[in-house]
Amino acid sequence: MNSALALQLMRFGFLALLWLFVLATMRVIRTDLRTSGQPRVATPPPARRRGKNSDAFPQARPAPGTPTHLLVTEGGLTGTRIGLTGAPVLIGRANDSTLVLEDDYASTRHARISLQDGLWVVEDLGSTNGTYLGQRKLDGPVPMELGVPLRIGKTALELR
């Protein structure tokens, strides 16, 4: 008699755990659906200032013709701007990328744009479908130019 009762209690316990798993899964899916329409772009924090003296951290103005940001010109994130601060910009489907693409043709870690010797350089990180700068498929680090489209799947970016 005791073994039948223990078996029944284990069945109810397993059923309760199964329902907790289902509810937790539904919560995650609901959260993802709420945030899926918003671009996930990491932006650097604003520079801190000491007191009222604005000379403590003078604002450096870029020279004319120097890129200040990346602009998404095509794809699901059209209009998204990423300020160029000197830090590398990672592009891909991974949640910790600077620009997170929800594109079936983008790899998890697709490409990196970094500042090298005063030039912004793009390199493909071993993506499946490749990265294109203008009409050229990248096979190594390549300097970017203002206004030349960088294509990753259905997404296009430009230095501006």
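Shown above is the structure to which this text applies.
Residues numbered from 1 in each chain as written. Predicted model: local features only at pLDDT ≥ 70, side-chain atom pairs only at ≥ 80, totals over all residues. Heavy atoms only, no water.

Novice: Is there a simple way to explain the environment of serine 127 in this structure?
Specialist: With respect to the helices and strands, the residue serine 127 is situated in the loop between β6 (119–124) and β7 (132–133). Between the C-alpha atoms of serine 127 and alanine 106, which are 21 residues apart in sequence, the distance is 7.4 Å. Excluding anything up to four places from it in sequence, serine 127 contacts Ser107 and His110. A polar contact of 3.3 Å, which involves the side chain of serine 127, links it to the side chain of histidine 110. At 3.1 Å, the side chain of serine 127 and the backbone nitrogen of glycine 130 are in polar contact. (Helix = DSSP H or I, 4+ residues; strand = E, 2+ residues; numbered from the N terminus. Contact = heavy atoms within 4.5 Å. Polar contact = N/O pair within 3.5 Å; in protein donor to acceptor, adjacent residues only side chain to side chain.)

Novice: Just to check I follow, could you spell out the environment of histidine 110 for this structure?
Specialist: Inspection of the secondary structure puts histidine 110 in the loop between β4 (99–100) and β5 (111–116). When its relative accessible area of 0% is taken as the criterion, histidine 110 is described as buried. What histidine 110 contacts, discounting residues up to four positions off in sequence, is Ile91, Gly92, Tyr105, Glu123, Asp124, Leu125, Ser127, Gly130, Thr131 and Ile152. A distance of 3.0 Å separates the side chain of histidine 110 from the backbone nitrogen of serine 107, its partner in a polar contact. Looking at histidine 110, its side chain comes within polar contact range of the main-chain oxygen of glycine 130, at 3.0 Å. (Buried < 20%, exposed > 50% of the residue type's maximum accessible area, 1.4 Å probe, protein only.)

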